Amino acid sequence: MPFDTPPVPAPAPEAPYVEQVIVTAARLPPAAAEAAFSTVHLGERDLAKAQRVDEAVGQTPGVSLFRRTSSLSANPTTQGISLRAIAPSGAGRTLVTLDGVPLNDPFGGWVIWSQLAPESLTGVDIVRGAGAGPYGAGALTGVIGLKERDSGIAADVSLGELGSQRASAAATSTLGRFELFGAASYDKSDGYVPVRGDARGAADTRTDLEAKSISGRVDMATGLGLLSLRGGFFEEDRGAGLAGARANASGNVFSATLVKAPRGAALGWKLQAWRRTSDLFNSSVAVAAGRSATTPANSQDKTPATGWGLNGALRRKVGGLEWELGADARLNDGEERERYSYSGGTYTRNRVAGGKTSVVGAYADGSWTTGPWLLAGGLRLDHWRNTDGFRVERSALTGAVLLDQRPADRDGEVVSGRLGLTRDLGHGTTARLAGYTGFRPASLNELYRPFRVGNDVTEANAALKPERLQGLEAGVSRKGDKGLVEATVFWNRIDDPIVNVTLGAGPGTFPIGGFIPAGGVLRQRQNAGTIDAVGLEGRAERKVGAATLSSALSVTDARVDGGSTAPQLTGKRPAQAPVWSAVAGLAAELTERLTLAGDLTWEGKRFEDDLNSRVLDPAWRLDARLDWRVRPLVTLYLAGDNLLDANIQTSRTADGVAGYAAPRVVRVGLRVAI
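Starting from 1, residues in each chain are numbered consecutively following that chain's sequence as written. Residues qualify for local features only when their pLDDT is at least 70, as the model is predicted, and side-chain atom pairs are given and counted only at 80 or more; totals for whole chains, interfaces and linings, by contrast, use all residues. Note that the side-chain values use all heavy atoms of the structure and ignore hydrogens as well as water.

### Quick word on the overall build of the protein
Secondary structure elements follow DSSP: runs of H or I no shorter than four residues count as helices, runs of E no shorter than two count as strands, and numbering proceeds from the N terminus. Along the backbone of the protein there are 3 helices and 41 strands. All radius of gyration figures rest on C-alpha atoms, and the globule criterion is 2.2 Å times the number of residues raised to 0.38. Computed over C-alpha atoms, the radius of gyration of the protein comes to 24 Å, within 12% of the 26 Å expected from 2.2 N^0.38 for 674 residues, which places it in the range of a compact globule. Viewed in the frame of its principal axes, the protein has a C-alpha envelope of about 75 × 55 × 50 Å. Put simply, the protein has 674 residues, and 55% of those count as buried. To sort residues, take the accessible area from a 1.4 Å probe on protein chains only and compare it with the maximum for the residue type: under 20% means buried, over 50% means exposed, and anything in between is partly exposed.

Following this line, the structure appears as structure tokens:
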């Protein structure tokens, strides 16, 4: 699996900046400090192989997609992403940004990946390790920074098995001092049935999908700097694999960014403001014995949420010293409106729950380069608040109030930082050492909304504290004309991790959660002690003639210490956290026009639940793609996902029924890239 080397910025032209043709979006150049931390770069070549952005990112070992499913079939509430397999979750423990604008949902923290197509991006930077410094809240296990296309054209059209249809295009055009960017995508699939074999029943249906997105951006030169105005809209509608269970997610985002790039010793700066809205419909069902039928369990009819954000930074470089001062603020406001407790052919109760969260922070970050040494570090101070929380439940028949919870407002401060040291050892070899801390506040979804999957119920918890992480790592890399090799060892600890803790099993009625049917369990989100993880990350790439061989490995041994809150979890592995994951890749030019690329991915077993009682077997898959260059800019391709049709377990119910990822899907497509 090849990784592109980040491009080196071209020297600034001598003429006044306002006289130049705009060729990039408004963003500051990469800071020198980033070289001191563990970063993987994916370029357009990596993105072009994938249908969806999370699939491209997920090929990096240690990047954890929840439940082993990509957004092609995953419920919106499980599209969270985490790094280093420390403790994957539906909300995700990684901050995902597009040119500095967070993409994490303002209500749930997950990322609706349908809002962006791979063709709309020019690269991805995956920063592993807590994101103190300029990143702040949410970057607990790292940052995935997406860069939107700022030159050229890319378009892709494909058809495939399972009724899959896809069309996506992104293009830029320069008009005087203006640069225009536009992108649109459409995905449709009949989907597949996750439960297979004799266990499948009438309750099991397809995970069909229809998703669409559109976005646009205008870049222009002003007397103050480069201004980018961007807007985007997305919507996806999908089946959940059970009769009567569906989800629909939609939203839009608008942002304005003004940047003055630093030139020589002159001061550079950035100002950015953004507003994001989202909504979610999500219905779930109870499954009858033998999977013969389903009964409505709840209908999350509306989840309107809005996120606002501001950030600013000053940057200057004098000799080997580069520093950056900045501040940022993020505010989320949302609620969910839900019907539940189905009886006698109708829902008998209504629930409205939600609140507001905010984080305001300031930071100082910088680096010093002298000879073969690079010293980098940063310090942050953040203030978080949870306010106006509520959960009101009423009888749908009489309107009587059954529950009225108004948790007290809560707030606090978090100090976080990072420090890294890098030395160039010569001959392309570099060694580095780094330490960092970070935090993630609980989402509105975790604080206030209970949810149900099949017969399993998970309760919310308005008393959740932010998760905090501290870590150390050491790495060495060597890069030459024929390839590269690198390895990193790390230790991370999460304090007060938000974990779904099992409280009991059905059938039975509980003080919280109510009645739990047979085959189901009751859990609650809790801050459960600590999670310690030690691990090794490595990757290698080698050019052999017209072929490039690549490999990558992630080994993470994560363990929970539940303390007095959840002693039953002590010694267990976090749910959905594999120890082993690896990928081996091949890219070869078979002829002048014909190329072959393939990735073989393997992952060790996972546990579906906190008690490690539901085992998901080790999984492997082979993806391959054959490209025929019809014309210099036009490529016809044949691609196979899970080419050998491996059974990849993604879930397991309390009574032992396994769900699976997609079977083999073969696609044929046409790609144009300029």
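### Points about the nonpolar core
Side-chain atoms within 4.5 Å are what join buried Ala, Val, Leu, Ile, Met, Phe, Trp, Tyr and Cys residues into a set we call a nonpolar core. Among the nonpolar cores identified, the biggest contains 22 residues, and Val57, Ile81, Val96, Val124, Ile126, Ile144 and Leu146 are the most heavily contacted of them. Elements with a minimum of two residues in this core: strand S1 (38-43), helix H2 (53-57), strand S2 (63-65), strand S3 (81-83), strand S4 (95-98), strand S6 (121-128) and strand S7 (142-148). Contact between two residues is taken to exist if any of their heavy atoms lie within 4.5 Å; hydrogens are not considered. If we ignore the near neighbours within four places in the chain, the residues touching Val57 are Leu42, Val63, Ile81, Val124, Ile126 and Ile144.

### With respect to the sheet that holds strand S5 (residues 101-102)
Think of it this way: DSSP has to see at least two bridges between two strands before they count as a pair. Strand order in the open sheet formed by 5 strands is S1-S6-S7-S4-S5, with mixed pairing between adjacent strands. Each end of this open sheet is capped by a strand with a single partner; those strands are S1 and S5. Both S4 and S5 contribute to a ladder of 2 bridges, which runs antiparallel. Bridge pairing links Thr97 to Pro102 in S5.

### Points about the environment of Ser70
Structurally, the position occupied by Ser70 is in the loop between S2 and S3. Between the alpha carbons of Ser70 and Asp54 there is a distance of 6.5 Å; along the sequence they are 16 residues apart. Setting aside residues no more than four positions away along its own chain, Ser70 makes contact with Asp54, Glu55 and Leu65.

### Let's talk about the side chain of Glu322
Looking at where Glu322 falls in the secondary structure, it is placed in strand S17 (residues 321-343). Buried charge Glu322 goes without a salt bridge, the closest partner of opposite sign being Arg315 at 4.6 Å. Counted as a polar contact is a pair of N or O atoms within 3.5 Å, where, for protein atoms, one must be capable of donating a hydrogen and the other of accepting one, and residues adjacent in sequence contribute only when both atoms are in side chains. One polar contact links the side chain of Glu322 to the main-chain amide nitrogen of Ala32, over a distance of 2.9 Å. When sequence neighbours within four positions are dropped, the list of residues in contact with Glu322 reads Ala31, Ala32, Ala33, Arg315, Arg316, Lys317, Asp365, Gly366 and Ser367. Residues scored as charged are limited to Lys and Arg (positive) and Asp and Glu (negative), so that His and the chain ends carry no count. Take a side-chain nitrogen of Lys or Arg and a carboxyl oxygen of Asp or Glu: if they are within 4 Å of each other, that pair is a salt bridge.

### A short note on the side chain of Arg573
Structurally, the position occupied by Arg573 is in the loop between strand S32 (547-561) and strand S33 (580-589). Look at Arg573: it is buried, it has no salt bridge, and the nearest opposite charge is Asp557 at 5.7 Å. At a separation of 3.4 Å, a polar atom in the side chain of Arg573 contacts the main-chain carbonyl oxygen of Ala577. Excluding residues that lie within four positions of it along the chain, Arg573 makes contacts with Ala558, Arg559, Val560, Pro578, Val579, Lys605, Arg606, Phe607, Asp610 and Asn612.

### Some remarks on the environment of Ile153
Mapped onto the elements of the fold, Ile153 is located in strand S8 (residues 153-160). Relative accessible area serves as the criterion here: at 33%, Ile153 is assigned to the partly exposed category. Sequence separation between Ile153 and Leu397 is 244 residues; the distance between their C-alpha atoms is 56 Å.

### Examining the environment of Ala265
Mapping Ala265 onto the fold places it in the loop between strand S13 (246-260) and strand S14 (268-287). By relative accessible area, Ala265 is classed as partly exposed at 40%. Taking the C-alpha atoms as reference points, Ala265 and Arg149, separated by 116 residues in sequence, lie 28 Å from one another. Setting aside its immediate chain neighbours within four residues, Ala265 contacts Arg316, Lys317 and Val318.

### What to know about a positive patch on the surface
Note that patches include only residues with greater than 30% relative accessible area and no salt bridge, and the join distances are 9 Å for like charges and 5 Å for nonpolar side chains (Val, Leu, Ile, Met, Phe, Trp, Tyr). Here, Shrake-Rupley sampling with a 1.4 Å probe gives the accessible areas, and only protein chains in the shown set may cover a residue. Throughout, a charge is located at the NZ atom of Lys, the CZ atom of Arg, the CG atom of Asp or the CD atom of Glu. Residues Lys479, Lys482, Arg542 and Lys543 make up a contiguous surface patch of positive charge. Here Arg542 shows up in strand S31 (residues 530-544).

### So, the pattern of salt bridges
Should their charged atoms come close, side chains of opposite charge can pair. By the definition in use, this model includes 52 salt bridges. Residue Arg291 pairs with Asp204 through a salt bridge whose shortest N-O separation is 2.7 Å. Residue Arg291 is located in the loop between S14 and strand S15 (294-302), and its partner Asp204 is located in the loop between strand S10 (178-189) and strand S11 (209-221); the two are separated by 87 residues in the primary sequence. Close ionic contact of Arg667 with Asp641 constitutes a salt bridge, the shortest N to O distance being 3.2 Å. Residue Arg667 is found in strand S41 (residues 665-673), and its partner Asp641 is found in strand S38 (residues 634-641); the two are separated by 26 residues along the sequence. Sharing partners across several salt bridges, the network here consists of Glu336, Glu338, Arg351, Arg391, Glu393, Arg449 and Glu459.

### A word on the sheet that holds strand S30 (residues 521-527)
Strands sit in the order S23-S24-S30-S27 across an open sheet of 4 strands; the sheet is mixed. Of all the strands in the sheet, the pair left with one neighbour each is strand S23 (451-453) and strand S27 (498-505). Strand-to-strand, the axes of this sheet are offset by a mean angle of 25°, without reference to chain direction. Taken together, the 3 bridges between S23 and strand S24 (residues 456-459) define a ladder with antiparallel strand orientation. Angles here are taken between N-to-C directions and fall from 0 to 180 degrees, while the axes themselves are lines fitted to C-alpha atoms, restricted in helices to the stretch in contact.

### Focus on the packing of aromatic side chains
Under the pairing criterion, centres of Phe, Tyr and Trp rings, with the six-membered ring standing for Trp, must be within 6.5 Å; the plane angle then separates stacked pairs below 30 degrees from edge-to-face pairs above 60, leaving the rest tilted. Counted under the stated rule, the structure contains 1 aromatic pair. Definition used: whenever NZ (Lys) or CZ (Arg) falls within 6 Å of the ring centre and also within 35 degrees of the ring normal, the charge is taken to sit over that ring. Sitting above the plane of the Tyr637 ring, Arg625 keeps its charged end 3.7 Å from the centroid.

### Quick word on the pairing of strand S26 (residues 483-495)
Pairing of strand S25 (residues 467-480) with S26, which is carried by 13 bridges, proceeds in the antiparallel orientation. Residue pairing across strands places Lys479 opposite Leu484, the latter belonging to S26. As judged from the 13 bridges shared by S26 and S31, these two strands associate in the antiparallel manner. Note that in S31 the partner of Val489 across the bridge is Leu536.

### Re the pairing of strand S18 (residues 346-370)
Alignment of S17 against S18, held across 22 bridges, turns out to be antiparallel. When the sheet's bridge partners are listed, Gly326 is paired in S18 with Tyr363. Hairpin connection between S17 and S18: a loop of 2 residues separates the two successive antiparallel strands, and Gly344 in this loop has a positive phi of roughly 65°. Bridge count between S18 and strand S19 (residues 373-395): 21 bridges; the pairing is antiparallel. Its bridge partner being in S19, Trp368 is matched across the sheet by Leu375. Joining the antiparallel neighbours S18 and S19 is a turn of 2 residues, in which Gly371 adopts a positive phi near 60°.

### Description of unusual backbone geometry
Each neighbour pair has its own omega, and for Gly506 with Pro507 the value is 5°, a cis peptide bond. Along the chain, Pro507 falls in the loop between S27 and strand S28 (508-510). At Ala85, a position not held by glycine, the phi torsion is positive, near 50°. Counting through the fold element by element, Ala85 comes out in the loop between S3 and S4. Phi at Asn642 takes a positive value of approximately 50°, unusual for a residue other than glycine. Using a relative accessible area of 2% as the deciding quantity, one classes Asn642 as buried.

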